[in-house]
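Take a look at the letters that make up each chain.
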Amino acid sequence: METFRYTHLPAAHAHAYVALFDHVSNAAHLRQRIVRASQLEGPEGDHEREAVNFAFVDARLITSILHLQTAIYQAILAKIQGSLRTKTVHSEILWALSPNNNITEAIKRFGVSDSTASLIVVRVGPPEMSDIEHRMKTLVSGDPLPLTDLTKLTDWFAVRKCYKLNADPALKAPGLSIAQQQLAAGEIVVSTVAMKSIAA
Amino acid sequence: MESPTSRLLESATPISQGAEAKVFRAYLHPSLQRSSSELQSNASDIREPILLKYRFHKQYRHPTLDTTLTKARVAGEARAIIKCLRHGVNVPGIRMVDATEGVLGLEWIDGKTVRFLLGGGAEDEDEDETLEEGDEGQVVKEDPLKEYGVSQDDIMGMIGSEIAKMHSADIIHGDLTTSNMIVRHPTPPKGVQLVLIDFGLAYTSTLAEDKAVDLYVLERAFSSTHPASEPLFASVLSAYKEKMGKDWLSISKRLDDVRLRGRKRSMVG
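Everything quoted here is computed from the prediction, not taken from an experiment.

Draft legend 1. Representation of the confidence of the model for chain B within the structure. All names here are of chain B. Model confidence for chain B is summarised by a mean pLDDT of 88, while 84% of its residues fall at 70 or above. Confidence drops under a pLDDT of 50 for residues 33-45, and excluding neighbours within four residues, the segment shows 21 contacts in the predicted structure. In the model output, the complex is listed with pTM 0.91 alongside ipTM 0.95.

Here it is, written out as C-alpha cells:
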C-alpha cells in the first residue's frame, strides 16, 4: 500500500491510501457486497458501508500513477468545496476518471465488475488510519503489488476505446512508435481527467 | 476556512505576473511514501513540478461578474489545450483545475523560450506566462542552442509546423509571440519539442482571416524583438505552407491583405 499525503489539504481528507492487487479472485463477490451495503438499513448498514468505504478502480484503464492521482485530487477538491456530483468522494474518483457525465456508466466501466482481474483500492481519509492496509487485504483476495507496477497492467486497447482516442490525429500521425503513441495517449487521458469539472 | 487551492498557492514559488494572471511553480502530488514492506526505490517517483496559472480577483469588477468571467476563461483555456492535445499539437498537459478559485494547473515544461534562444533578451515582466530563467544572472556567452542540438532554422521549421497543426484543428492562438513558445529540453521521454504555451486568448475559428491574423501577429512579434527577422519568419512560413497543403492559398492571400491594413479590420463602410 502507498500513501499520498497532501499537506495543503484539511486533515479529514489529507491522505489517500492506495493499494494495487492483481489476480483478484473475488471481484463478483466484492461487487455484490458493495451493492448490498448500499441497500442495508440501520446500524448494520452503516457498519457494512464503512467496511466497503473505498474506491475500487479497474486497473486496466489506468495509464499511470499521475492519472490516478489526478482523479483522486480532483475528487477531494470537489468534496472539500461541496461540489461533489456523486454521493461520496470515492464514487467521485470513478466519475472523474470517466470521459462522460453518466455516473452509472462511470461506475460500471471504471469500478469493479464481475470480470475484474486487477484492482486499485483507494481510501481518502485523515492521517493515522493504521488498520487500513489490513482492511484492504481482507476485502480483496489477490496478489498485492507495488503501485509502480500499475503501468504493466494497463490495457491500452481498452483505454483508447474508453477515452475515444482512436479518432485523434495525435495518435494517427505517421511514424509514431508505440511508446510515442502511449505518451501522447497518456497526456490526453490525464488532461481529460484534470479538466473533468469544467468539461463542456 | 482557507481553500485548498489558496493554500497550494501559498506554498508555490512565484514566476511572473501579468494583468490577467499570476504564474507559479508548485508541487501538487507528494512523492510516493512507501510502507515498510515495499522499500525498493524506483526512478519513477521523482517529483515533477507543475505550473499554476492563477487568475486573481479583479477589484474593478463586480464580484459576481468576476467569478463568472474567471471561470469561463479557465474553462476556455483548458478546452483549447485539450483540443490541441488531441490534434497532436505540442502544448503543456493539464494537471489540475479549480475554476472557482481561478486556477489552472499545467505540465511544467523544462526548457527555454524561443525568444531567449534567439537572443531576444530577458522576459519582460509583462509576460503572462514564462519560464523561470534561473541562470540569467550569469552571462553565458556560449550559444544556448548547442545544448538543445538544434539550429535556428530547425526551430523556425518546428514553429511553422506546430502552428499549422493548430490551425488545421481550427484553433487560433490569439497571442503568438516568441515568448509563448518553449523549446523543451532534450531529456527523455519527450525530447526536444517546440511547445506552444498560453492559450488564454485562444478561440476556435475556421476562417482564413483569423489564421492570417494569427500569423501576422507573430510576424510583428518577430520583427519587433529579433534583428534580421525576415529570413527567420520566411522559414516559419515555408514550414507552415508545407504542412497546411491546399489551405495555404487562401490564408496566404489573406495574410497579404492583413499586412497592408494591419491586425484590425477596417470598419469604414
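Draft legend 2. Main features of the interface of chain A and chain B. With 40 residues of chain A in contact, the opposing surface of chain B contributes 38 residues. Overall, the association of chain A and chain B removes approximately 3300 Å² of surface from exposure, summing both partners, and the carbon and sulfur fraction of that is 59%. Interface area lost by chain A to chain B is led by A:H8, A:E187 and A:I198, which between them contribute 19%. At the junction of chain A and chain B, the tally comes to three salt bridges. The interface formed by chain A and chain B includes 12 residue pairs in polar contact (both at pLDDT 80 or more). Mapped onto the side of chain A that touches chain B, the elements with two or more residues apiece are β1 (2-5), α3 (65-80), α8 (169-172) and α9 (178-194) of chain A. With eight residues, α3(A) is the single largest residue contributor to the side of chain A that touches chain B.

Draft legend 3. Quick look at the sheet that holds strand β9 (residues 181-184) of chain B. Residues and elements named next belong to chain B. Strands sit in the order β7-β9-β10 across an open sheet of three strands; the sheet is antiparallel. The open sheet has two edge strands with one neighbour each: β7 (111-113) and β10 (194-196). Neighbour-to-neighbour, the strand axes of this sheet turn through a mean angle of 30°, independent of strand direction. Judged from the three bridges that link them, β7 and β9 form a sheet pairing that is antiparallel.

Draft legend 4. Representation of the packing of aromatic side chains within the structure. All names here are of chain B. Enumeration over the complete set of coordinates arrives at six aromatic pairs over all chains. Between Y240 and W248 the ring centres are 5.8 Å apart and the planes differ by 75°, which places this aromatic pair in the edge-to-face class. In this pair, the class of Y240 matches that of W248, namely buried. Over the face of the ring belonging to W108 we find R25, whose NZ or CZ atom lies 4.7 Å from the ring centre. A cation over an aromatic ring shows up here: K58 above the ring of F56, its NZ or CZ 4.5 Å from the ring centre.

Draft legend 5. Geometry of helix α4 (residues 89-97) of chain A. All names here are of chain A. Counting buried positions along α4 yields nine of nine residues, so the element is predominantly enclosed. For α4, every residue scored as buried is listed here: V89, H90, S91, E92, I93, L94, W95, A96 and L97. Packed against the buried residues of α4 are β3 (55-58), α3, α5 (103-110), β4 (119-125) and α9.

Draft legend 6. Fine view of the nonpolar core. The biggest cluster of nonpolar side chains holds 115 residues, and the ones touching the most others in it are A:I72, A:I120, B:L52, B:I155 and B:I159. Ranked by residues supplied to this core, first place goes to α3(A) with nine residues. Both domains that meet at this core, namely domain 1 (4-28 + 49-107) and domain 2 (111-121 + 146-267) of chain B, each give it at least three residues. The next biggest cluster of nonpolar side chains, apart from the first, holds 19 residues, and it includes A:Y17, A:V112, A:M129 and A:V140.

Draft legend 7. How the structure looks around the packing of helix α5 (residues 152-168) of chain B against helix α6 (residues 208-225) of chain B. Residues and elements named next belong to chain B. Their axes nearest at 11 Å, the elements α5 and α6 cross at an angle of 155°. Considered as vectors, α5 and α6 are oriented roughly antiparallel to each other. Seen from above, α5 lies across α6 with right-handed handedness. Facing α5, whose interface residues are M156, I159, I163, M166 and H167, α6 presents K211, D214, L215, L218 and F222. Considered class by class, the residues forming the contact of α5 with α6 number seven nonpolar, one polar and two charged.

Draft legend 8. Structural context of the environment of B:K165. All names here are of chain B. Its location among the elements puts K165 in helix α5. C-alpha separation for the pair K165 and G88, spaced 77 residues apart in sequence, amounts to 7.3 Å. When near neighbours in sequence (up to four residues on either side) are disregarded, K165 contacts H87, G88, V89, N90 and K243.

Draft legend 9. Broad picture of the packing of α6(B) against helix α7 (residues 230-244) of chain B. Residue and element names in this part refer to chain B. Where α6 meets α7, the axes come as close as 10 Å, and the angle between the chain directions of the two elements is 155°. Comparing their axes, α7 and α6 come out roughly antiparallel. As for the relative orientation of α6 and α7, their crossing is right-handed in sense. From α6, K211, L215, L218, E219 and F222 reach across to α7, where they touch L232, F233, V236, L237 and Y240. Its residues placed into classes, the contact of α6 with α7 shows eight nonpolar, no polar and two charged.

Draft legend 10. Molecular detail of the pattern of salt bridges. Residues and elements named next belong to chain A. Counted under the stated rule, the structure contains 28 salt bridges over all chains. In this structure, the salt-bridge partner of R60 is D58, at a minimum N-O distance of 3.7 Å. A relative accessible area of 5% places D58 in the buried class. Note that K152 and D149 form a salt bridge whose closest N and O atoms lie 3.0 Å from each other. Residue classification places D149 among the buried residues on the basis of a relative accessible area of 17%.

Definitions and cut-offs
Residues numbered from 1 in each chain as written. Chains lettered and ligands numbered in written order. Predicted model: local features only at pLDDT ≥ 70, side-chain atom pairs only at ≥ 80, totals over all residues. Heavy atoms only, no water. pLDDT = per-residue confidence, 0-100. Contact = heavy atoms within 4.5 Å. Buried area = accessible area lost by both parts, 1.4 Å probe. Salt bridge = Lys/Arg side-chain N within 4 Å of Asp/Glu carboxyl O. Polar contact = N/O pair within 3.5 Å; in protein donor to acceptor, adjacent residues only side chain to side chain. Helix = DSSP H or I, 4+ residues; strand = E, 2+ residues; numbered from the N terminus. Pairing = 2+ DSSP bridges. Axes fitted to C-alpha atoms, helices over the stretch in contact; angles between N-to-C directions. Phe/Tyr/Trp six-rings, centres within 6.5 Å; stacked < 30°, edge-to-face > 60°. Buried < 20%, exposed > 50% of the residue type's maximum accessible area, 1.4 Å probe, protein only. Lys NZ or Arg CZ within 6 Å of the ring centre and 35° of its normal. Core = buried A, V, L, I, M, F, W, Y, C linked by side-chain atoms within 4.5 Å. Domains from an automatic or database assignment. Parallel < 35°, antiparallel > 145°, perpendicular 65-115°, else oblique. Left-handed = near helix turned anticlockwise from the far one by under 90°. Nonpolar A, V, L, I, M, F, W, Y, C, P; charged D, E, K, R; others polar.

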